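# Inside the fold
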Amino acid sequence: MNIKIPPYPNFIIKKETLEKNPIPMEKKSSFDGLSNQLIMMIPFNKNEQRVLRTRAINHQGINYISALPNPVHLFLTLGIENYNLFQNIKFTNFPKCGQQMGNDIFILPIEENGTHQCYNDYIKYRTSSIIMLVSSLEAFINHILPNDFVYKTEKKYFTKIEIESPKVTFKDKLEKVIPQFLKDEKFWDNHIEIKLSIDKLY
């Protein structure tokens, strides 16, 4: 599956800003002295300047650089890809790998020192799909919260950085942070089916 994933962050630099604050340009033919994490400015759409974050991947002395992908889209596409893989195994591979033992029973061969690869792949891709889909939801929640948002509980206040950390669980983000951010404590009462689907996935 080939899905285009937008870069993140992807900030626009206005022409007026560049004129007031010119950025010195320096040509480099070597990666020496550069950080592994870089900020890149690239012209898009009729020379509209964009600021992107990059990370170099070093392989055999060569540094490959590109914009970091949006994690929401990255996790979602990976979840969908793994979903398609385990569905294909279920519909295509299982009938070929299994030995029919009754009208509706097929047994996949079991060995003393190893479980069946077909079954293993199914579990592997299904588990990975669920993890990535939940991760994409959590990344989306983190993404939509403004930097100055504060999550308030009876005992403590949490800044956005703390919300994005393990201090706030995904369940709390879903059930408490989102309604508080939307200023609608009954938000999930009006979206019960969606909430049940997420709960079932999680």
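Residues numbered from 1 in each chain as written. Predicted model: local features only at pLDDT ≥ 70, side-chain atom pairs only at ≥ 80, totals over all residues. Heavy atoms only, no water.

## Describing the side chain of His 116
Tracing the backbone shows His 116 in the loop between strand E7 (106–107) and helix H3 (117–144). Engagement of the side chain of His 116 in a polar contact is seen with the backbone nitrogen of Cys 118, the distance being 3.1 Å. Other than its neighbours up to four places away in sequence, His 116 contacts Cys 97, Leu 108 and Pro 109. (Helix = DSSP H or I, 4+ residues; strand = E, 2+ residues; numbered from the N terminus. Polar contact = N/O pair within 3.5 Å; in protein donor to acceptor, adjacent residues only side chain to side chain. Contact = heavy atoms within 4.5 Å.)

## Digging into helix H5 (residues 170–182)
In this model H5 runs 17 Å from its N-terminal to its C-terminal C-alpha over 13 residues, within 8% of the 18 Å that 1.5 Å per residue would give. Of all the bends in H5, the largest measures some 35° and sits at Lys 176, one to four residues before the proline Pro 179. Along H5, the residues classified as buried are Phe 170, Lys 173, Leu 174, Val 177, Ile 178 and Pro 179. In the segment just after H5, Lys 183 is the residue with positive phi, at about 55°. (Expected span 1.5 Å × (residues − 1). Bend = angle between axes of the 7 residues up to and from the residue. Buried < 20%, exposed > 50% of the residue type's maximum accessible area, 1.4 Å probe, protein only.)

## A word on the nonpolar core
Membership of the largest hydrophobic core comes to 15 residues, with the highest contact counts inside it found for Tyr 151, Ile 163 and Leu 174. Of all the elements in the fold, those that place two or more residues in this core are H3 and H5. Excluding residues within four positions of it along the chain, Leu 174 makes contact with Ile 141, Pro 179, Trp 188, Lys 195, Ile 198 and Asp 199. Phe 86, Phe 94, Cys 118 and Tyr 122 belong to the second-largest nonpolar core, a separate cluster that totals six residues. (Core = buried A, V, L, I, M, F, W, Y, C linked by side-chain atoms within 4.5 Å.)

## Comments concerning unusual backbone geometry
One non-glycine residue, Gln 60, lies in the positive phi region at around 55°. Mapped onto the secondary structure, Gln 60 falls in the loop between strand E4 (57–59) and strand E5 (62–64). Of note in this structure, Lys 183 is not a glycine but carries a positive phi near 55°. Secondary-structure assignment places Lys 183 in the loop between H5 and helix H6 (192–201).

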